[in-house]
Amino acid sequence: MKLTQIYNNKDFIISFEVFPPKGDDVNQKIDLLIDELSVLSKFNPAFISVTYGAGGNTHERSFNISLKIKNELKINVVSHFTCVGAVKEDILTQIKYLENNGIRNILALRGDPPKGETKFIKPSGGFGYANELVEFIKKNTDLSIAVAGYPECHPECENLEKDIMNLKRKIDLGGDVVITQVFYNNDVFFNFIEKTQKTGVNIPIIPGILPITSYAQIERMIELSGTKVPDKFKNKLEKYKDDKTATQEIGINYAIEQCEELINNQVKGIHFYTLNKAFATEKVLDNLSIPQLLI
Ligand code: FAD
């Protein structure tokens with residue numbers, strides 16, 4: 001089912017994100033991933049999204065997992081796709097492959113600069129920004145398109161207002177839904193929604209939530225993406241950083257509170273970054289009362 005229908009059909013949508021496993025024993029890891037997703041399927045996710053490896057070198061694995069989820073778990077899929085190192089002809093071949101195999105949705109991304117590079121260089125014969133990919137997919141396929149949004153502003157952009165205008169361009173060219181980067185302060189998200197809607201955008205803007213399960217994880221997020229974490233939450237995690245059970249409980253309880261506030265503010269859905277483990281997301285969802293989930 002297409003994203004447009006998914007968000008029209010129900011009042012509240014749960015979705016999950018996974019990434020293709022790396023390293024040795026990939027097939028075994030994929031089987032484990034499917035097992036984890038089977039656990040989460042009790043929450044009736046409307047779709048599962050599958051990330052696309054930087055540089056596209058894991059794209060086959062991403063596509064295989066997308067098809068496995070669609071065919072074995074019978075759950076709708078959103079396949080991520082980036083412009084990194086790709087020329088238009090190859091992009092078309094890959095996207096058509098997904099469409100011909102029954103995938104109905106793409107999360108259209110520019111991608112990050114390749115490792116060791118600080119600036120994204122437009123590949124010759126390819127695309128420099130996600131809006132060009134959105135336009136290309138819209139013109140050449142019948143797929144529904146999700147785009148990425150950044151409540152705290154994309155790190156390369158000067159300010160949130162400009163970043164929102166760049167987001168609006170992706171939407172005007174064919175984006176059907178926005179899925180956001182992780183954030184830990186709901187006020188940042190509410191401000192983002194308000195500013196984006198003021199530009200005339202009226203498609204669903206779905207918050208991305210990642211339940212924290214260790215202090216190291218939050219330190220990494222701050223370092224990599226500059227995510228702002230409320231001091232109270234960070235200090236609590238730091239205090240118990242050597243106690244695995246306590247940090248998990250603190251992180252999961254924080255995510256529950258975050259989700260409850262988002263739901264009370266009528267978000268159209270929540271997208272969980274599962275990190276390929278059911279445990280934390282399951283705990284959060286077990287503790288949320290969302291009657292619509294059971295419909
Ligand atoms: P764009 O929308 O192109 O924006 C990139 C930057 O350029 C922004 O600063 C924007 O303000 C600016 N900009 C945009 N358009 C223009 C324009 N026309 N002119 C001038 N400036 C412009 N990465 C992966 O490698 N694989 C994944 O699977 C993946 N999944 C993701 C899922 C989500 C929900 C999110 C939020 C991010 C994901 N990413 C993934 C990370 C993403 O690839 C990076 O954040 C990347 O740096 C930006 O991608 P984008 O599609 O948002 O780019």
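The rules behind the values
Residues numbered from 1 in each chain as written. Predicted model: local features only at pLDDT ≥ 70, side-chain atom pairs only at ≥ 80, totals over all residues. Heavy atoms only, no water. Helix = DSSP H or I, 4+ residues; strand = E, 2+ residues; numbered from the N terminus. Buried < 20%, exposed > 50% of the residue type's maximum accessible area, 1.4 Å probe, protein only. Contact = heavy atoms within 4.5 Å. Salt bridge = Lys/Arg side-chain N within 4 Å of Asp/Glu carboxyl O. Axes fitted to C-alpha atoms, helices over the stretch in contact; angles between N-to-C directions. Parallel < 35°, antiparallel > 145°, perpendicular 65-115°, else oblique. Nonpolar A, V, L, I, M, F, W, Y, C, P; charged D, E, K, R; others polar. Near = heavy atom within 4 Å. Polar contact = N/O pair within 3.5 Å; in protein donor to acceptor, adjacent residues only side chain to side chain. Areas by Shrake-Rupley, 256 points an atom, 1.4 Å probe, with all protein chains shown as cover. Core = buried A, V, L, I, M, F, W, Y, C linked by side-chain atoms within 4.5 Å. Pairing = 2+ DSSP bridges.

Before going further, it helps to examine the side chain of Thr 281. Along the chain, Thr 281 falls in helix α11 (residues 278-286). On the basis of relative accessibility, which here comes to 1%, the residue Thr 281 falls in the buried class. Residue contacts for Thr 281: discarding those within four places in its chain leaves Phe 16, Leu 40, Pro 211, Phe 272, Tyr 273 and Thr 274.

To continue, consider the pattern of salt bridges. One pass over the structure, following the stated rule, counts 12 salt bridges. Put simply, Glu 132 and Lys 122 hold a salt bridge, and the shortest N to O gap is 3.4 Å. Within this pair, whereas Glu 132 is found in helix α5 (residues 130-140), its partner Lys 122 is found in the loop between β4 (105-109) and α5, the two being separated by 10 residues in sequence. Accessibility expressed as a relative area gives 49% for Lys 122, which makes it partly exposed. The partner of Lys 195 in a salt bridge is Glu 161, and the shortest N-O contact between them spans 2.9 Å. You can see Lys 195 sitting in helix α7 (residues 186-198) and its partner Glu 161 sitting in helix α6 (residues 160-172), a full 34 residues away along the chain. Salt bridges sharing partners connect three or more residues here, namely Lys 42, Glu 282 and Asp 286.

Here we take up the packing of helix α8 (residues 215-225) against helix α9 (residues 231-239). Packing of α8 against α9 leaves a shortest axis separation of 9 Å and a crossing angle of 135°. Here α9 runs oblique to α8, going by the angle between their axes. Only Phe 233, Lys 234, Leu 237 and Glu 238 of α9 make contact with α8, whose side of the interface consists of Tyr 215, Ile 218 and Ile 222. In terms of residue class, the contact of α8 with α9 is built from 5 nonpolar, no polar and 2 charged.

Moving on, we get to the site of the ligand. Near the ligand there are 24 residues, and of these Tyr 52, Asp 112, Tyr 150, Asp 163 and Lys 170 occur at the shortest range. One of the side-chain N or O atoms of Tyr 150 is found 2.7 Å from an oxygen atom in the ligand. Considering the ligand on its own, with 970 Å² of exposed area, one finds that the protein chains cover 87% of that surface. Mapped onto the shell around the ligand, the elements with two or more residues apiece are β3 (77-82), β4, α5, α6 and β6 (177-182). Ranked by residue count, the leading element in the shell around the ligand is α6, at 4 residues.

Among the nonpolar cores identified, the biggest contains 69 residues, and Ile 69, Leu 133 and Phe 272 are the most heavily contacted of them. The dominant element in this core, judged by the number of residues it contributes, is helix α2 (residues 26-40), at 6 residues. Not counting residues within four places of it along the chain, the set of residues in contact with Ile 69 comprises Val 18, Ile 34, Leu 37, Ile 48, Val 50, Lys 74, Ile 75 and Val 77. In this structure, Leu 3, Tyr 7, Ile 179 and Ile 206 belong to the second largest nonpolar core, which totals 15 residues.

Let us look at unusual backbone geometry. The backbone phi angle of Asp 25 is positive, close to 50°, even though this residue is not glycine. On the secondary structure map, Asp 25 appears in the loop between β1 (13-18) and α2. You can call Asp 25 exposed: its relative accessible area is 52%. The residue Lys 74 is not glycine, and still its phi comes out positive at about 55°. Residue classification places Lys 74 among the exposed positions, given a relative accessible area of 67%.

For the rest of this paragraph, the subject is the sheet that holds β3. Strands sit in the order β1-β2-β3-β4-β5-β6-β7-β8 around a closed barrel of 8 strands; the barrel is parallel. If you compare each strand with its neighbour and ignore which way they point, the axes differ by 25° on average. Where strand β7 (residues 205-209) meets strand β8 (residues 269-273), 2 bridges bridge the pair, whose relative direction is parallel. Looking at the pairing, Ile 209 lines up with Phe 272 of β8. Each of β1 and β8 touches α11; the most contacted strand, β8, lies at about 155° to it.

Note that every value here comes from positions in space, so none of it alone points to a role or purpose.
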